[in-house]
Amino acid sequence: MTSDTPGMRRFRCRHRVGRGVVSTVLALVALSLALPTVVGGEESPIEFDQISNMFEPVSVPAQRIRELAELVIAICAGIFLVVGVLLTYVIIRFRARPGDEKREPPQVYGSNNLEAAWTIIPVIIVVVLFLATARTINEVELKEPMEGALEVTVVGHRWWWEFEYPEYGIITANELHIPVSTPERPWPTFLWLESQDVVHSFWVPRLAGKTDVVPNRRNTLWIDTAEPGMYLGQCAEYCGTQHAHMLLRVYVHSEEDFDAWVKAQQAPEVVDASVADGRNLFQRTACINCHTLDGTVADGTYGPSLSHLMSRKTIGAGAAFNNAENLRKWVQDPALFKPGVRMPDMKLTSEEVDQLVAYLVTLK
Ligand code: HEC
Ligand SMILES: [Cu+2]
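Definitions and limits used
- Residues numbered from 1 in each chain as written.
- Chains lettered and ligands numbered in written order.
- Predicted model: local features only at pLDDT ≥ 70, side-chain atom pairs only at ≥ 80, totals over all residues.
- Helix = DSSP H or I, 4+ residues; strand = E, 2+ residues; numbered from the N terminus.
- Buried ≥ 20, exposed ≤ 12 C-beta atoms within 10 Å, placed from the backbone.
- Contact = placed C-beta atoms within 7 Å.
- Pairing = 2+ DSSP bridges.
- Axes fitted to C-alpha atoms, helices over the stretch in contact; angles between N-to-C directions.

### Side note on the overall build of the protein
A tally of helices and strands in the protein yields eight helices and 12 strands. In the protein, buried positions account for 26% of the 364 residues. Taking the contacts inside the protein whose residues are at least 6 apart along the sequence as the reference set, 65% of them involve residues at least 24 apart.

Here's what the structure looks like:
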């Protein structure tokens, strides 16, 4: 057989695949060790001490899911232990010994007791898992908002999140602000999940289970938490190039802080005369076709609302911290932070960018 017959080639190929798998695994291990240093660097807006851990739930649905996960893990670990111990025992106890070649092991033809046991026990285990899961689903899934809930409509876009509070007339992006729920004032948050384009998935592991966000459909989710703080989330369904930069933050506030946030968001724009150039330029540029900015002619809905832009910690759905320097880079060329982003490079001069950014940073 010459080296280029098909059979030979296939053999070599398989070899190469084997080596590929090993090196991929090694690369992944190396990457996972290096990751915190790379992503946790100064440029990264992700605060690692705040990173989401589904095993540290702070909200009722997430707590229920954790309890279920623990039950399932415990049962599976039990099965693993029993099987592992039996297997180890059998391997050692009945290993081949010198002289065994001449003997045949005892032949067993069926055992009703054994067969009944290995049918009934797994059936019981599956039924327990089924009932526990059904109970949790029933507790966690709600089709309609509960009494007194704060309702927010969440719209998934490629690649950012829109949050609308119909009750307060607020529309914002990427950072969801909700109140804490106390025994004196239970105040759950009820989310209507919608998509503008493709399937996304809303996931804030410490607050609630992962829920798909599907075009032409309204899924629902609720949060009920007694712990103020910031919780990180992430789109959990691949939705295109910048899926990995589709983060979200949920800020849980005390009642007073939440009221203050609502007031600040509802406040009209404060027109700062010293940045009139930037404001005029903004209103003369295509920015207004894609962005809404209360108090100006801008009423586009393709991109996030820029009203009270500076009240947000990040821009580009967590791609960068929100400060003058990053805003400058963003307006100059948004693809620097998010290659493939759906905001075009507007080809502005350096002077124009300066004027725009000077204006944007006044949007408190
Ligand atoms: C073709 C539509 C379009 C135009 C025109 C446009 N943008 Fe955008 N812009 C977007 C989209 C879409 C995003 C969200 C990108 C993402 O996060 O993936 C965005 C994001 C932003 C953000 C970050 C907001 C945030 O909270 O994440 C700023 C600031 C911004 N644009 C400013 C501008 C300015 C200033 C102009 C005009 C010079 C402009 N945009 C023109 C579509 C547009
Ligand atoms: Cu996504």
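### A word on the pairing of strand β2 (residues 160–165)
Sheet analysis places strand β1 (residues 150–157) next to β2, joined by five bridges and oriented antiparallel. The partner of His-157 across the bridge, within β2, is Trp-160. Two strands pair when backbone bridges link them, and β2 and strand β3 (residues 170–173) are joined in this way by four bridges, in the antiparallel orientation. Bridge pairing in β3 places Glu-164 opposite Ile-171. Remark: four residues form the turn of the hairpin made by β2 and β3, two consecutive strands paired antiparallel; Gly-169 in that turn has positive phi of roughly 65°.

### Points about the sheet that holds strand β4 (residues 175–179)
Strand-to-strand pairing in sheets goes through backbone hydrogen bonds, with the strands running parallel or antiparallel. Taken together, five strands build an open sheet; the order of strands is β4-β10-β9-β6-β7 and the sheet is mixed. The outermost strands of the open sheet, each flanked by one partner alone, are β4 and β7 (211–213). Taking the axes of each pair of neighbouring strands and ignoring which way they run, one obtains an average angle of 25° across the sheet. Inspection of the sheet shows strand β6 (residues 200–203) paired to strand β9 (residues 229–235) by two bridges, in the antiparallel sense. Looking at β9, one finds that Phe-202 is bridged to Cys-235. Sheet strands in contact with helix α4 (residues 255–266) are β4 and β10 (247–253), and its direction is about 135° off that of β4.

### Quick word on the environment of Gln-242
Within the secondary structure, Gln-242 is located in the loop between β9 and β10. What makes Gln-242 buried here is the crowd of 21 C-beta atoms within 10 Å. For the pair formed by Gln-242 and Pro-339, sequence separation is 97 residues and the distance between their alpha carbons is 7.2 Å. Residues in contact with Gln-242, not counting those within four places in the same chain, are Trp-159, Lys-338, Gly-340 and Val-341.

### What about unusual backbone geometry?
The omega torsion of the bond from Arg-158 to Trp-159 falls at 0°, within 30 degrees of zero and hence cis. On the secondary structure map, Trp-159 appears in the loop between β1 and β2. You will see that His-308, though not glycine, has its phi angle at about 55°, which is positive. By secondary structure assignment, the location of His-308 is in the loop between α6 (287–290) and β11 (314–315). Of note, the phi angle at Lys-347 is positive, near 50°, even though the residue is not glycine. As for its placement among the helices and strands, Lys-347 is situated in the loop between α7 (324–332) and α8 (350–360).

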